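Single-letter residue listing:
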Amino acid sequence: MPRSPLRSTRVRRLAVVLAAAASVVGAAGCGQVDESGTGVRVLVTTDDGARTVLDRAGVQATDEESALAVLRRVARVELAPGGQAPASIDGVAARGAGAWRLWLNGTALRTGEMAAQTPDVNLQLPPVRVTPRATKVHNGDTLWFDLRSGAETASEPRGVVGTFPEPFEHGAEGKRWPVRVECADPRGQACRMVRDALVRFDIPAVSNLLRTSYNPESARIAVGTWAQLREDPAAGLAERGPKDSGVYARPTADGRRIALLDRAGEPVRTLGAGAGLIFGSRYRNEPPSWAVTGTDAAGVLRAAGALDAATLKGKLAVAVAGGDVVPLPVRGAAAR
């Protein structure tokens, strides 16, 4: 029995729809972005986060896939000699002593073991940083590639704030850490603001008094004035300067002033009363530890108010002076 022209037309239309659907599914399977909101975020910047080259969310990745493979899915990548790391990303190339560095969920992963603690040096970094080809990615992770201009003048930051709410949301290497908010005043406004910042991302956190308990398996946010935080083993590294801490700010021992440093580690501006500071750190091989601190209670409040994904995006660390958020290391007009 011959087909009617109407039925033939419907069949052809159905075939076209199915073919289009199949092409969409195929593209989702091998393409770049998963619009469902899962996947991996890839952030590419230069000059300590000052310029954004690429910021792509929802990039598909399989567990244990390399960071380099994920990057190559969304960007044009030329490899450095040895094939372990990028030489250029989307045409932006490392020149001279510059180099691309990678933070996974705001944490620099390294191989090897920490050196034993000594009375004079309470943290020594392992000698080898895990390469992008060796760094394994898991669903939900954020990869931040930044092109550092010039040679290293300080220890590279082991923790950065520019991918908040990471590392508290997804941890690292597929492991999520319990989160603690340790406050000099657990009932104070600054402590409440920090807890609320985590709640906005559905991150559960235990809150307790600063330095009253110890859990080497927890990620921490310490909240208080610098005079209250300086004895913390992770936060206290900032007082040693960037060569030891990787933090381009150096509070004074009495906590009343914070020197803001340039990329060479030189002080270019000093903040006094009402100044705040947020930075990431890490003690030995423990999970990351952040400091939300300031020269006084007003400074701590200003720092707590800056604990926001949009404010911190693409920044290694920040100081807060009045109503201004100053990215660190200091550069350009922020130095004045």
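Predicted, not measured: the structure shown is a model, and the values here were computed from it.

## Examining the overall build of the chain
If you tally the helices and strands in the chain, you get seven helices and 21 strands. Burial statistics for the chain: of 336 residues in total, 48% are counted as buried. Taking all contacts inside the chain whose residues are at least 6 apart in sequence as the whole, residues at least 24 apart take part in 64%. About 15600 Å² of surface is accessible on the chain, with carbon and sulfur atoms providing 52% of the total.

## Comments concerning the sheet that holds strand S1 (residues 40–46)
Read across the open sheet, the four strands follow the order S2-S1-S11-S7; overall the sheet is mixed. Only two strands of the sheet have a single partner each, and these edge strands are strand S2 (51–59) and strand S7 (99–104). In this sheet, neighbouring strand axes are inclined to one another by 15° on average, regardless of whether the strands run parallel or antiparallel. Judged from the six bridges that link them, S1 and S2 form a sheet pairing that is antiparallel. Residue pairing for S2: Val44 is matched across the bridge by Leu54.

## What about the state of the cysteines?
Counting across every chain of the model gives one disulfide. Each sulfur in the disulfide pair Cys183 and Cys191 lies 2.0 Å from the other. Sign of the S-S torsion, about 80° for the bond between Cys183 and Cys191, identifies this disulfide as right-handed. Residue Cys183 is classed as buried on the basis of its relative accessible area, which comes to 1%.

## Brief notes about the packing of aromatic side chains
The final tally for this structure, using the stated rule, is five aromatic pairs. Measuring from centroid to centroid gives 5.0 Å for Phe168 and Trp290, while their planes differ by 75°, and the two rings are edge-to-face. With Phe168 in the loop between strand S11 (142–148) and strand S12 (179–183) and Trp290 in strand S19 (residues 289–294), this pair connects stretches of sequence that are 122 residues apart. Judged by relative accessible area, Phe168 falls into the buried class, the value being 4%. A network of ring pairs unites the aromatic residues Phe164, Phe168, Phe201 and Trp290 as a single cluster.

## Section: helix H2 (residues 67–74)
Of all the positions in H2, only Ala67, Leu68, Val70, Leu71 and Val74 are classed as buried. Taken around the axis of H2, the buried residues stretch over an arc of 160°, which confines them to a single face.

## Here's the deal with the environment of Ala321
On the secondary structure map, Ala321 appears in strand S20 (residues 317–321). In the structure, Ala321 is positioned 46 residues away from Ala275 in sequence and 5.1 Å away in space, judged by C-alpha atoms. Residues contacting Ala321, with those up to four places away along its chain left out, are Arg269 and Leu271.

## What to know about unusual backbone geometry
For the peptide bond that leads from Phe164 to Pro165, omega is 20°, which places it in the cis range. Each neighbour pair has its own omega, and for Glu166 with Pro167 the value is 10°, a cis peptide bond. The residue Pro167 is located in the loop between S11 and S12 in this model. If you check the backbone angles, Asp47 has positive phi at about 55° while not being a glycine. Mapped onto the fold, Asp47 is located in the loop between S1 and S2.

## A word on the environment of Pro242
Inspection of the secondary structure puts Pro242 in helix H5 (residues 242–245). C-alpha separation for the pair Pro242 and Ala264, spaced 22 residues apart in sequence, amounts to 9.3 Å.

## Focus on the sheet that holds strand S16 (residues 258–261)
Spatially, the three strands line up as an open sheet ordered S15-S16-S17, and their pairing is antiparallel. Two strands bound the open sheet, and with one partner strand each, they are strand S15 (249–251) and strand S17 (267–271). Averaged over all adjacent pairs, the angle separating strand axes in this sheet is 25°, with direction ignored.

## What to know about the nonpolar core
Counting 51 residues, the largest nonpolar core has Val42, Leu143 and Ile278 as the members making the most contacts within it. In contact with Val42, other than residues within four places in its own chain, are Leu54, Asp55, Arg56, Val59, Val70, Leu71, Val74 and Leu143. Formed by 24 residues, the second largest nonpolar core is a distinct cluster that contains Ile258, Leu260, Ala321 and Val330.

## Section: helix H3 (residues 189–199)
Among the residues of H3, Ala190, Cys191, Val194, Ala197 and Leu198 are the ones counted as buried. Projected down its long axis, H3 carries its buried residues within an arc of 120°, all on one side. Lining the buried residues of H3 we find S12, strand S13 (206–209), strand S14 (219–225), S19 and helix H6 (297–305).

## Quick word on the environment of Ser88
Tracing the backbone shows Ser88 in strand S5 (residues 86–89). Along the sequence, Ser88 and Ala75 sit 13 residues apart, while their C-alpha atoms lie 9.8 Å from each other. What Ser88 contacts, discounting residues up to four positions off in sequence, is Arg76, Val77, Glu78, Ala93 and Trp100.

Definitions and limits used
- Residues numbered from 1 in each chain as written.
- Predicted model: local features only at pLDDT ≥ 70, side-chain atom pairs only at ≥ 80, totals over all residues.
- Heavy atoms only, no water.
- Helix = DSSP H or I, 4+ residues; strand = E, 2+ residues; numbered from the N terminus.
- Buried < 20%, exposed > 50% of the residue type's maximum accessible area, 1.4 Å probe, protein only.
- Contact = heavy atoms within 4.5 Å.
- Areas by Shrake-Rupley, 256 points an atom, 1.4 Å probe, with all protein chains shown as cover.
- Pairing = 2+ DSSP bridges.
- Axes fitted to C-alpha atoms, helices over the stretch in contact; angles between N-to-C directions.
- Disulfide = S-S within 2.5 Å.
- Phe/Tyr/Trp six-rings, centres within 6.5 Å; stacked < 30°, edge-to-face > 60°.
- Arc of directions from axis to C-beta.
- Core = buried A, V, L, I, M, F, W, Y, C linked by side-chain atoms within 4.5 Å.

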